[in-house]
Amino acid sequence: MIKMRNRKVDIALAVLILIAAATVLSLAMRKSSPKTGVSGGNPSILHTTLEGETVEEADSVYEQVDTYSTNIDTYLVYDSAVVEKGQSVTFVKGSQIIVDRGSMSAVCSDHLINVTKGISVYGGETLTNYDLYVITDDDDSVIALEDSEIFIKGGYKINENNKE
C-alpha cells in the first residue's frame, strides 16, 4: 500500500526546491556577469533604478545612488520646515506635502494631487491647510504667500533666492 504524503509537506518541498534552483541560477548569472567596481568603469548592461525605470548605460549610476542616499531620511518620515514669505520649495516626483500653517500656492508644470479631496491642483492655486498633496513631476514647487510651516515626505529643497 502506498502512503499519501501530507499536501502541506509536498508544497513545502516544492517551494524549497524552487528556492534552491533560483539560488543556483542567481549564482551562475553572477559569475557570468561583467565585474564592475568603483574603479572598474560603467556596467555594460542596462540597469534599473530604485524607482523601477530603465535607464541607459550613459546615465551615471553613482550620481543616482548619491541622490537617493542624500534624500533617504526624508523618504522615511515627515520633515517639518518653516518657509518664509516669498520662498519656494522645490520637490522630487512623488514627494508629499501638508501645509500646517500659513498660505502656499502651487507652482507646477501640470498639477499636484490633493489626496485628501481626490482632486487636481493647478499652478497658481492656493493649497488647503491640513490636506495631503502628492507632487506629480520633478521640480514642481510651492511658494509661500506668507510665513508658513509645512510637513514634507520625500526629496525637497527650500530656495532662498525667492525672498521678497
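Because the structure is predicted, anything quoted here is derived from the model rather than measured. (Residues numbered from 1 in each chain as written. Predicted model: local features only at pLDDT ≥ 70, side-chain atom pairs only at ≥ 80, totals over all residues. Heavy atoms only, no water.)

1. Brief notes about the overall build of the protein chain
Part 1 of the argument: When helices and strands are counted, the protein chain shows three helices and 12 strands.
Part 2 of the argument: Taken over 164 residues, the protein chain has a buried fraction of 26%.
Part 3 of the argument: Relative to all contacts within the protein chain whose residues are 6 or more apart in sequence, the contacts with residues 24 or more apart total 68%.
Part 4 of the argument: Carbon and sulfur atoms form 57% of the exposed surface of the protein chain, whose accessible area is close to 11,400 Å². (Helix = DSSP H or I, 4+ residues; strand = E, 2+ residues; numbered from the N terminus. Buried < 20%, exposed > 50% of the residue type's maximum accessible area, 1.4 Å probe, protein only. Contact = heavy atoms within 4.5 Å. Areas by Shrake-Rupley, 256 points an atom, 1.4 Å probe, with all protein chains shown as cover.)

2. Observations concerning the sheet that holds strand 8 (residues 119-122)
The strands making up a sheet associate through hydrogen bonds between their backbones, and the pairing can be parallel or antiparallel.
Part 1 of the argument: The strand order 3-11-5-9-7-8 describes an open sheet built from six strands, whose pairing is antiparallel. Taken across any chain shown, the strands that pair with only one partner, and hence form the sheet edges, are strand 3 (79-83) and strand 8. Neighbour to neighbour, the strand axes of the sheet diverge by 35° on average, direction disregarded.
Part 2 of the argument: Here strand 5 (residues 96-101) runs beside strand 9 (residues 132-135); their pairing, made up of three bridges, is antiparallel. When the sheet's bridge partners are listed, Ile-98 is paired in strand 9 with Leu-132. (Pairing = 2+ DSSP bridges. Axes fitted to C-alpha atoms, helices over the stretch in contact; angles between N-to-C directions.)

3. Section: the sheet that holds strand 6 (residues 104-107)
Part 1 of the argument: If you walk across this open sheet you meet the four strands as 6-10-4-12, and the pairing is antiparallel. In the strand order of this sheet, the two ends are held by strand 6 and strand 12 (156-159), each with one partner. Sheet twist, expressed as the mean angle between neighbouring strand axes with direction ignored, is 25°.

4. Some points on the nonpolar core
Part 1 of the argument: Counting 18 residues, the largest nonpolar core has Val-89, Met-104, Leu-112, Leu-127, Val-142 and Ile-150 as its most contacted members.
Part 2 of the argument: Looking at this core, the elements with two or more residues in it are strand 3, strand 4 (88-91), strand 5, strand 6, strand 9, strand 10 (141-144) and strand 11 (148-153).
Part 3 of the argument: Once residues lying within four places of it in the same chain are set aside, the contact partners of Met-104 are Val-83, Val-89, Val-99, Glu-125, Thr-126, Leu-127, Val-142, Ile-143, Ala-144, Leu-145, Ser-148 and Ile-150. (Core = buried A, V, L, I, M, F, W, Y, C linked by side-chain atoms within 4.5 Å.)

5. Points about the environment of Gly-124
Part 1 of the argument: Tracing the backbone shows Gly-124 in the loop between strand 8 and strand 9.
Part 2 of the argument: Sequence spacing of Gly-124 and Met-104 is 20 residues, and the spatial spacing of their C-alpha atoms is 9.4 Å.
Part 3 of the argument: The residues touching Gly-124, leaving out its near neighbours within four places in the chain, are Ser-105 and Ala-106.

6. A short note on the confidence of the model for the protein chain
Part 1 of the argument: For the protein chain, mean pLDDT is 77; residues scoring 70 or higher make up 66% of the total.
Part 2 of the argument: In the model, residues 36-58 has pLDDT below 50 throughout and makes 29 contacts with residues more than four positions away in sequence or in other chains. (pLDDT = per-residue confidence, 0-100.)

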